[in-house]
Amino acid sequence: MTTETVLRADAMLTPAGVIAPAELAFDATGHISYAGPPRSASEVTHDLVGHALMPGLVNGHTHSAMTLQRGVSDDESFMQWLATVQGIEQQLTHDDLVAGLELALVEMIETGTVAFADMYYWDEALIERVRAAGMRVFAALACSATDHVAYPTVSPMTGAEVLDEVERLAERYSEDPLVRVGFGPHAPYTCTPEFLREVRSRALAGNIPIHTHISESAAEVSQLLEQYGKTPGEHLASLDFFDAEVHAAHCVHLTEGEIATFAATGTSVSHNPVSNLKLGNGIAPLPEMIGAGIALAIGTDSVASNNSLDLFEELKHATILHRGVRQDAAAVLGPQVLDIATRGGAAAIGFAESGALAVGRFADIVAVDLAVTAAAPVAPEAHTTQSLTAHLVYASSGRDVRHVFIGGRHVYADGRHLTLDADAVRARARAARARLVK
C-alpha cells in the first residue's frame, strides 16, 4: 500500500475554489493523491491549524545569481544600470555564482516560490545546487554571439560553445522532473540575425526551449527599427524564430500585431511589473495579452533591477497597476493574476504538472499563515474563494509563508530551511559581495 503524507489546514485553494476546512495528501512519487474535505480515517502528518494551502508560486523570469548585485544601481536609467551590472559581471568567479544562486534559492523558497525560469551562466554544478535545494528550474544559458565570451572570469566558453553545452545539458536532464535546459540568446538587439537563426535551428532539431528578452525598453525598439526597419517581435518573426518554443521576458512595448503573433505561435511571456517600473521601462500591455490568450507567467527579473524575489509583491503590482493607469477596476482581476503566477506560470516554463492543488499534480504546496495581523479580521476557517484570493493577492507577503513542499519534499518548515544552510548561504554571499564592490 502506498504511504501518504497528509496535510490538514483551515482552507485550501483548489481549481474548483476554496475548501475549508481542507485536507491534502500526496504519495511517495510526490504527486497529489487527495485534495478535498478532511477524511475521518486519515492519519494527519502535518496539522496546519491557522493556515491556508495554495499552489507554489512560479517565477517566470529572473537571473538568480545576480542577487550579489542587489542595490548596486538603484536610481540609474536602464542603459546606465545595464552598464553598471555588466561591469560587475566581468569580475565574477564561479564561486560568486554559487553564492548568488544559493542566496536566491533561500529567498525564493522562503517566500513561496517552487519553480523559476532563469537566464544566466549555467553548468552542471550549478544545476545540481538547485536540485539539491529541491526547486524546479528552467535554466537558459545566456549567450549573444558565436565568438563572444559572456562571463570571461567564470568560463572561457564562446557563444558557439554555449550552444553545444545547452544541447549536452538538455540531453543530460531530459528525464529530470526538476530541470529543463534551454537556449538563452540575450535579446534581438544584442544578437545577430545569423546567431538567432542558429539558435532557432538547434532548438527545433533538439526540441529545446528558448528564453529571451523582447521589447524590454523603448530604446531597444528604436534600435531595431533603425537597424532592420522592424520592431523586435517583427524582426524575430521574419527569422521564423517563433517556430521554436519561445519564452519571452518583459514584452513591455508589444504592438497589436506582435501580440497576435505571440498568441498564434504559442510564445509565452513573463510579465515583470516591478522591474519594468523600477528601471523606468514602462508598463506591459497585460490586459491585451490576457485577452489574446497568450500563455503568461509573472516574474521578478533579477534583484539588481527589483531588489526582491518575493512574488507576492508582483501579484499585487500586476493587478492594481493596470487598474490605475486605465482607471478601470476590472482591467485586471486578482484571480487572473494568481492563476498566472501558479498554474499559468508553471505551464509557461514547462512544468505543467505543477501549479494547482489537484489529484495527479505535483505536490508543490505552500502553507500561508492566516493568523497574521494582515489576515484579520477574517477567521482562517471562514475564508471563501473570493476572500482567500483577495488576501493572497492584496495583503499577503512572502513573510507569511510557513511551509513549502516541492514534489512532496518538505523544503521549508516554519521558518527553517530543510535543504539549505541559510545562515551559511547569507554569510558566503556577503563575503562575495564585499570583494566585488572593492
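First things first, this report covers the structure right here in the doc. On a predicted model such as this, the values are computed, not experimentally measured, just so you know. (Residues numbered from 1 in each chain as written. Predicted model: local features only at pLDDT ≥ 70, side-chain atom pairs only at ≥ 80, totals over all residues. Heavy atoms only, no water.)

Here we look at the overall build of the protein chain
Selection rule: Going along the chain from the N terminus, every DSSP run of H or I of four or more residues is numbered as a helix, and every run of E of two or more is numbered as a strand. Between the two quantities, the radius of gyration covers C-alpha atoms and the globule rule is 2.2 Å times the number of residues to the power 0.38. The rule is simple: take the accessible area with a 1.4 Å probe, protein chains only, and divide by the maximum for that residue type; under 20% is buried, over 50% is exposed, in between is partly exposed. Contact between two residues is taken to exist if any of their heavy atoms lie within 4.5 Å; hydrogens are not considered. Each accessible area is a Shrake-Rupley estimate made with a 1.4 Å probe; only the visible protein chains count as cover when residues are assessed. Working convention for charge: Lys and Arg count positive, Asp and Glu count negative, and His plus the chain ends are omitted. The location of each charge is read from NZ of Lys, CZ of Arg, CG of Asp or CD of Glu.
For the protein chain, the helix and strand inventory stands at 14 helices and 17 strands. A compact globule built from 438 residues should have a C-alpha radius of gyration of about 22 Å, and the protein chain, at 21 Å, falls within 12% of that. Within the protein chain, the fraction of its 438 residues that count as buried is 59%. Sequence separation of 24 or more characterises 73% of the internal contacts of the protein chain that already satisfy a separation of 6 or more. Carbon and sulfur atoms make up 51% of the accessible area of the protein chain, which amounts to about 16,300 Å² in all. Across the protein chain, 29 positive and 53 negative side-chain charges occur, with their mean positions spaced 4 Å apart.

Topic: the pattern of salt bridges
The test is simple: Whenever a carboxyl oxygen of Asp or Glu lies within 4 Å of a side-chain nitrogen of Lys or Arg, that contact is scored as a salt bridge.
Applying the stated criterion across every chain yields a total of 24 salt bridges. The shortest N-O distance in the salt bridge between R202 and D164 comes to 2.8 Å. On the criterion of sequence distance, the pair formed by R202 in helix α5 (residues 193-206) and D164 in helix α4 (residues 159-172) is long-range, its members being 38 residues apart. Judged by its relative accessible area of 18%, R202 falls in the buried class. One salt-bridge network, in which partners are shared between bridges, spans E124, E128, R131, E165, R168, R172 and D176.

Here we look at a nonpolar patch on the surface
Rules: Each patch is built from residues that are more than 30% exposed by relative accessible area and take part in no salt bridge. Like charges join if they lie within 9 Å; nonpolar side chains (Val, Leu, Ile, Met, Phe, Trp, Tyr) join within 5 Å.
On the surface, a cluster of nonpolar side chains totalling about 220 Å² of accessible area is made up of L277, I283 and V325. Mapped onto the fold, L277 is located in helix α9 (residues 273-278).

Examining α5
Selection rule: Helix span is expected to be 1.5 Å times the residue number reduced by one.
For α5, with 14 residues, the first-to-last C-alpha span of 20 Å sits near the 20 Å given by 1.5 Å per residue. Within the sequence span of α5, burial applies to P193, F195, L196, V199, R200, R202 and A203. As for α5, its buried residues are in contact with β8 (136-143), α4, β9 (179-185), β10 (210-214), α6 (218-228) and α7 (232-238). A positive phi of about 55° marks N207, the residue just after α5.

With respect to the pairing of β8
Remark: a regular strand shows side chains that alternate across the two faces of the sheet. Heads up, the rule is: Only strands joined by at least two bridges in the DSSP assignment are considered to pair. Seen with the strands pointing away from the viewer, any crossover whose path from the first strand over the helix to the second strand runs clockwise is right-handed.
Most of β8 sits out of view: eight of its eight residues are buried. On β8, burial covers both faces: R136, F138, A140 and A142 on one face and V137, A139, L141 and C143 on the other are all buried. For strand β7 (residues 113-120) and β8, the ladder comprises six bridges, and the chain directions are parallel. Across the sheet, Y120 pairs through a bridge with L141, a residue of β8. With seven bridges joining them, β8 and β9 adopt parallel strand pairing. Paired with C143 across the two strands is P185, which belongs to β9. For the crossover that starts at β8, traverses α4 and ends in the parallel β9, the hand is right-handed.

Topic: the packing of aromatic side chains
Counted only if it meets this: The aromatic pairing rule takes the rings of Phe, Tyr and Trp, using the six-membered ring of Trp, and pairs them if the centres are within 6.5 Å, calling planes under 30 degrees apart stacked, those over 60 edge-to-face and the rest tilted. Think of it as a cone above the ring: NZ of Lys or CZ of Arg counts as a charge over the ring if it is within 6 Å of the ring centre and within 35 degrees of the ring normal.
One pass over the structure, following the stated rule, counts five aromatic pairs. Here Y120 and Y151 contribute two aromatic rings whose centre-to-centre distance is 5.0 Å and whose plane-to-plane angle is 55°, an arrangement assigned as tilted. Taken together, the positions of Y120 in strand β7 and Y151 in the loop between β8 and α4 put the pair 31 residues apart, joining distant regions of the chain. For the pair shown, Y120 and Y151 are each scored as buried. Each residue in the set Y120, Y121 and Y151 is aromatic and connected to the rest through ring pairs, giving one cluster. In this structure, R136 is placed above the aromatic ring of F362, and the distance from its NZ or CZ to the ring centre is 3.8 Å. For the cation-ring pair, R180 lies above F138, with the distance from its terminal atom to the ring centre recorded as 5.6 Å.

Describing the packing of helix α2 (residues 94-110) against helix α3 (residues 124-133)
Put simply, the rule is: In this analysis, axes come from line fits to C-alpha atoms, helices being fitted only over the stretch in contact, and the angle between any two N-to-C directions falls in the range 0 to 180 degrees. Should an angle fall under 35 degrees it is taken as roughly parallel, and over 145 as roughly antiparallel, whereas 65 to 115 is taken as roughly perpendicular and any remaining angle as oblique. Whether a crossing is left-handed or right-handed is set by the direction in which the near helix is turned from the far one by less than a right angle, anticlockwise for left-handed and clockwise for right-handed. Three residue categories are used. Nonpolar comprises Ala, Val, Leu, Ile, Met, Phe, Trp, Tyr, Cys and Pro, charged comprises Asp, Glu, Lys and Arg, and polar comprises the others, including Gly.
Where α2 meets α3, the axes come as close as 10 Å, and the angle between the chain directions of the two elements is 25°. The angle between α2 and α3 falls in the class roughly parallel. Seen from above, α2 lies across α3 with right-handed handedness. Residue-level contacts link H94, L97, V98, L101, E102, L105 and I109 of α2 to A125, L126, R129, V130 and A133 of α3. Among the residues forming the contact of α2 with α3, the class breakdown is nine nonpolar, one polar and two charged.

Topic: the nonpolar core
Just so we agree on the cut-off: Take the buried Ala, Val, Leu, Ile, Met, Phe, Trp, Tyr and Cys residues and link them wherever side-chain atoms come within 4.5 Å; each set so joined is a nonpolar core.
If you look at the biggest cluster of nonpolar residues, it comprises 121 residues, and the most contacted ones within it are L105, W122, V181 and F262. At 10 residues, α2 tops the list of elements feeding residues into this core. L105 has contacts with F116, R129, V130, A133, M135 and L420, leaving out every residue within four places of it along the chain. Listed in part, the 15 residues of the second largest apolar core include L7, A9, F26 and I365.

Some remarks on the side chain of D301
Definition in use: Residues adjacent in sequence count toward polar contacts only when both atoms are side-chain atoms; beyond that, a polar contact is any pair of N or O atoms within 3.5 Å, and within protein one must be able to donate a hydrogen and the other to accept it.
Looking at where D301 falls in the secondary structure, it is placed in the loop between β13 (296-298) and α11 (311-326). Buried within the structure, D301 lacks any salt-bridge partner; K278 is the closest side chain of opposite charge, at an N-O distance of 9.7 Å. A distance of 3.3 Å separates the side chain of D301 from the side chain of H250, its partner in a polar contact.

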